[in-house]
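Structural features, examined
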Amino acid sequence: MLAWIAEVYRVEEEARVQSMDDQARLHHHQAYSTVPMNTLFAYLTTLLSERRVEPANGLGKAAIYILKRKESLTRLLNVPGVPLDSNAVERALKCAVVIRKNSLFYHNEVSAYRAGTLMTLAGSCVAVGRDPISCMTALVENRNAVATAPEDWLPWRLPAAQLETLGCWTRRHSGA
């Protein structure tokens, strides 16, 4: 089963490496992911219908879960731009949970406000593909210019070349 799922991820990686647009990626998945996905669904259906696995055990529950969501799981074969998984969303939610958990240890409102500001800035940097540490370093090193025109120093406002000059490398260049 894992081999069929791994094949779909391999196809996704090919699309990413080749920088395919949404339409090309859709055709690529249609050509190379349809068979492994259909094989997986057929196998899970057979496991349940032939009672080779109990519906109440872990594998049976997983099979039922996957089969109930077949339409959603195969959407990448029919709709351009649909992500393969929800990992990015889950990472974003995890960040909010960590922030909430860490907020229990702030000693006062001022420290909570400052930490919230830093976490928001770091999240904004990541969202636009910038290295948060380099960006924050550039902000501190250029604090007079930032104080004069803070709106000009937002991570998404500065062109990548200017950010690199300031030491605020894009993730692509920082190796992150």
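Right above here is the structure, for reference.
Predicted, not measured: the structure shown is a model, and the values here were computed from it.

Cut-offs used in this document
- Each chain carries its own residue numbering, running from 1 in the written order of its sequence.
- A pLDDT threshold of at least 70 governs which residues receive local features in this predicted model, and a stricter bar of 80 or more applies before side-chain atom pairs are shown or counted, although totals over entire chains, interfaces and linings include all residues.
- As a rule here, side-chain values come from all non-hydrogen atoms in the structure, and water together with hydrogens is ignored.
- Take the buried Ala, Val, Leu, Ile, Met, Phe, Trp, Tyr and Cys residues and link them wherever side-chain atoms come within 4.5 Å; each set so joined is a nonpolar core.
- A simple rule labels every residue: compare its accessible area, found with a 1.4 Å probe on the protein chains alone, to the largest value its type can have, and call it buried under 20%, exposed over 50%, or partly exposed in between.
- It only takes one pair of heavy atoms within 4.5 Å for two residues to be counted as in contact.
- The way it works is that DSSP assigns letters per residue, a run of H or I at least four long becomes a helix, a run of E at least two long becomes a strand, and they are numbered from the N terminus.
- Between N or O atoms, a polar contact is any pair within 3.5 Å; within protein, one atom must be a potential hydrogen donor and the other a potential acceptor, and residues adjacent in sequence are included only when both atoms are from side chains.
- Expected span of a helix: the number of residues minus one, times 1.5 Å.
- For salt bridges, the criterion is a side-chain nitrogen of Lys or Arg within 4 Å of an Asp or Glu carboxyl oxygen.
- Lining residues are defined by having an atom within 4 Å of a point belonging to a cavity or pocket. Those points lie on a 1 Å grid over the protein atoms alone, cavities being sets where a 1.4 Å probe fits but cannot get out and pockets being open sets with protein on both sides within 12 Å along at least five of seven lines.
- Grid points are joined across faces, edges and corners, and a volume is the space filled by probe spheres set on the points.
- The residue classification treats Ala, Val, Leu, Ile, Met, Phe, Trp, Tyr, Cys and Pro as nonpolar and Asp, Glu, Lys and Arg as charged. All others, Gly included, are polar.
- Ring pairs shown here join Phe, Tyr and Trp side chains whose ring centres sit within 6.5 Å, with only the six-membered ring taken for Trp; geometry is labelled stacked below 30 degrees between planes, edge-to-face above 60, and tilted in between.
- A ring is considered to have a charge above it if a Lys NZ or an Arg CZ atom is located within 6 Å of its centre and within 35 degrees of its normal.

So, on to the nonpolar core. Ranked by size, the top nonpolar core spans 7 residues in total: Val 8, Met 37, Phe 41, Leu 76, Leu 77, Val 82 and Leu 84. Setting aside residues up to four positions removed in sequence, Leu 77 forms contacts with Leu 26, His 29, Gln 30, Ser 33, Thr 34 and Met 37.

Time to look at the side chain of Asp 131. Considering the arrangement of structural elements, one finds Asp 131 in the loop between helix 7 (109-127) and helix 8 (132-141). Relative accessible area serves as the criterion here: at 16%, Asp 131 is assigned to the buried category. At 2.6 Å, the side chain of Asp 131 and the side chain of Ser 134 are in polar contact.

Let us look at helix 7. With 19 residues, helix 7 should reach 27 Å at 1.5 Å per residue; the first-to-last C-alpha distance of 26 Å fits that figure. At the C-terminal side of helix 7, Gly 129 shows a positive phi close to 80°.

Right, let's talk about the pattern of salt bridges for a bit. Under the counting rule described, the total for this entry stands at 6 salt bridges. Among the salt bridges present, the one from Arg 25 reaches Glu 12, with a minimum N-O distance of 3.0 Å. Of the two residues, Arg 25 sits in helix 2 (residues 22-32) while Glu 12 sits in helix 1 (residues 2-17), which places them 13 residues apart along the sequence. Relative accessible area serves as the criterion here: at 9%, Arg 25 is assigned to the buried category. Of the charged contacts in the structure, one is a salt bridge between Arg 75 and Glu 71, with a shortest N-O distance of 3.5 Å. Residue Arg 75 is classed as partly exposed on the basis of its relative accessible area, which comes to 33%.

Our next topic: the layout of surface pockets. One number sums up the size of the largest pocket: a volume of about 350 Å³. Ile 5, Met 37, Leu 40, Leu 73 and Leu 84 are, among the 15 residues lining the largest pocket, the residues nearest its centre. When residues of the lining of the largest pocket are traced back to their parent elements, those giving at least two are helix 1, helix 3 (34-49), helix 4 (58-68) and helix 5 (70-73). Partitioning the lining of the largest pocket into residue classes produces 13 nonpolar, 1 polar and 1 charged. By volume, the second largest pocket amounts to about 270 Å³. In this structure, the second largest pocket is lined by Glu 12, Glu 13, Ala 15, Arg 16, Met 20, Arg 25, Asp 85, Asn 87, Ala 88 and Arg 91. Elements represented by at least two residues in the lining of the second largest pocket include exactly helix 1 and helix 6 (87-102). The leading source of residues in the lining of the second largest pocket is helix 1, at 4 residues. Residue composition of the lining of the second largest pocket, by class: 3 nonpolar, 1 polar and 6 charged.

This paragraph deals with the packing of aromatic side chains. Under the defined criterion, the tally for this structure stands at 1 aromatic pair. Taking the ring centre of Tyr 65 as reference, the NZ or CZ of Arg 69 above it sits at 3.6 Å.

These figures come from the coordinates and say nothing about function on their own.
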